[in-house]
Amino acid sequence: MYLSRLTLNPRSRQVRSELACPYEMHRTISRAFGDDLSDERILYRVDLDRRTGVPTVLVQSQAEPDWSALPDDAYLLERPESKPIDPGFAAGQLLSFRLRANPVKRDNETGKRLGLLQEEDQREWLDRRGERAGFRVVRCHVIPEGLQEFVRRSGGSQRDITLLSVHFKGLVQVTDPHALRMAVEEGIGPAKAFGFGLLSLARA
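Below is a short write-up of the structure.

Thresholds applied
- Residues numbered from 1 in each chain as written.
- Predicted model: local features only at pLDDT ≥ 70, side-chain atom pairs only at ≥ 80, totals over all residues.
- Heavy atoms only, no water.
- Helix = DSSP H or I, 4+ residues; strand = E, 2+ residues; numbered from the N terminus.
- Rg over C-alpha atoms; globule rule 2.2 N^0.38 Å.
- Buried < 20%, exposed > 50% of the residue type's maximum accessible area, 1.4 Å probe, protein only.
- Contact = heavy atoms within 4.5 Å.
- Areas by Shrake-Rupley, 256 points an atom, 1.4 Å probe, with all protein chains shown as cover.
- Pairing = 2+ DSSP bridges.
- Axes fitted to C-alpha atoms, helices over the stretch in contact; angles between N-to-C directions.
- Core = buried A, V, L, I, M, F, W, Y, C linked by side-chain atoms within 4.5 Å.
- Phe/Tyr/Trp six-rings, centres within 6.5 Å; stacked < 30°, edge-to-face > 60°.

## Remarks on the overall build of the protein
Scanning the protein from terminus to terminus reveals 4 helices and 10 strands. Secondary structure elements in the protein, listed N-terminal to C-terminal, are β-α-α-β-β-β-β-β-β-α-β-β-α-β. For the protein, the C-alpha radius of gyration of 17 Å lies close to 17 Å, the compact-globule estimate for 204 residues. Projecting the C-alpha coordinates of the protein onto the three principal axes gives extents of approximately 45 × 40 × 40 Å. Of all 204 residues assigned to the protein, the portion counted as buried reaches 42%. When contacts within the protein are restricted to residue pairs at least 6 apart in sequence, those whose partners lie at least 24 apart make up 71%. For the protein, the computed accessible surface area is about 11,700 Å², with 44% contributed by carbon and sulfur atoms.

## Some words on the sheet that holds strand E1 (residues 2-7)
Spatial strand order, E2-E3-E1-E4: 4 strands in an open sheet with antiparallel pairing. Lying at the two open borders of the sheet, with one neighbouring strand each, are strand E2 (42-48) and strand E4 (81-84). Here the average twist between neighbouring strands, direction ignored, is 15°. Judged from the 4 bridges that link them, E1 and E4 form a sheet pairing that is antiparallel. Opposite Arg 5, over in E4, you have Glu 81 as the bridge partner.

## Quick notes on the side chain of Ser 12
Here Ser 12 shows up in the loop between E1 and helix H1 (13-20). Taking the relative accessible area as the measure of exposure, Ser 12 reaches 9% and is therefore buried. In this view, Ser 12 contacts Ala 74 and Tyr 75; residues no more than four positions away in its chain are not counted.

## Structural notes on the nonpolar core
Leu 126, Phe 135 and Phe 168 are the most contacted members of the largest nonpolar core, which has 24 residues in total. Broken down by secondary-structure element, the contributors of at least two residues to this core are strand E5 (94-101), helix H3 (119-133), strand E8 (135-154), strand E9 (157-174) and helix H4 (177-186). Top contributing element to this core by residue count: E9, with 5 residues. The residues touching Phe 168, leaving out its near neighbours within four places in the chain, are Phe 97, Arg 98, Leu 99, Ala 101, Gln 122, Trp 125, Leu 126, Cys 140, His 141 and Val 142. Leu 8, Ala 32, Trp 67 and Leu 70 belong to the second-largest nonpolar core, a separate cluster that totals 15 residues.

## Considering the environment of Phe 135
Looking at the secondary structure, you find Phe 135 in strand E8. Residue classification places Phe 135 among the buried positions, given a relative accessible area of 5%. Spatially, the C-alpha atoms of Phe 135 and Trp 125 are 13 Å apart, while their sequence positions differ by 10 residues. Sequence-distant contacts of Phe 135, that is, excluding residues within four places in its chain, are made with Leu 126, Gly 130, Val 172, Gln 173, Val 174, Thr 175, Leu 180, Ile 188 and Leu 199.

## Observations regarding the packing of aromatic side chains
With the rule as written, the count across this model stands at 4 aromatic pairs. On the basis of an interplanar angle of 80° and a centroid distance of 6.1 Å, the ring pair of Phe 33 and Trp 67 is categorised as edge-to-face. On the criterion of sequence distance, the pair formed by Phe 33 in the loop between helix H2 (22-30) and E2 and Trp 67 in the loop between strand E3 (55-61) and E4 is long-range, its members being 34 residues apart. One exposure class covers both Phe 33 and Trp 67, and it is buried. Among the aromatic residues, those joined into a cluster by ring pairs are Tyr 23, Phe 150 and Phe 194.

Here it is as C-alpha cells:
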C-alpha cells in the first residue's frame, strides 16, 4: 500500500470548490491512478489546520500514485509526499487511532441509511465496527462535525447528498491482526468516496 500527503492551496478556486463537494475531490485524486479504477481502493481524509486554514489530504491506495496528474501548480502548496507502507499488527497491541466516519443505521421500513446523531449511538457504532475489524476501543474522543450537504453531479444528472461527519480519535487494542489489516485496506463504514473511512493507526 501507499500513503500520500497532499498540502492543498486554500486560495485555489478548485480546492475551495472540492472542499465544498468532496466527491469532486475524489475524482481529482483518482486521476493519479489512471483510467481503470475497478480494482483500486482509494481512501482519503481531509484535515484542516485550524490555525493556518491550510487543508491537508491523506490518501491511502493499493497502487502507487502519479501525482503529476493533478490539475496545476496552483492546486498544491508543497510537493506531494508519498511512501509505501506495510502495516503489521500483533494481538493485544495498543494503537492510537484517528477516523473520520459516517456512522449510520438502516431504517427497517424504508431501507435508507440514517445518521446516528447521539454520541452514545456513535460510540456503539464504532464498537460494533471494531468487533468485525479486529480491534477493541479502549479510549475514544468523539468530535461531531455536523452534516455535510452538497450536490453530486454525474452524467448530466445531479443528486443532493447529506452525510453526517464524526471524527473519532483515541486508543484501540488489537484483537485480530488479520481482520485489522483488512479493515485498514478496505476502510471503515460507508461513504468512502466522500472522504470517510480512512483508519489511521500509530504506536501508542
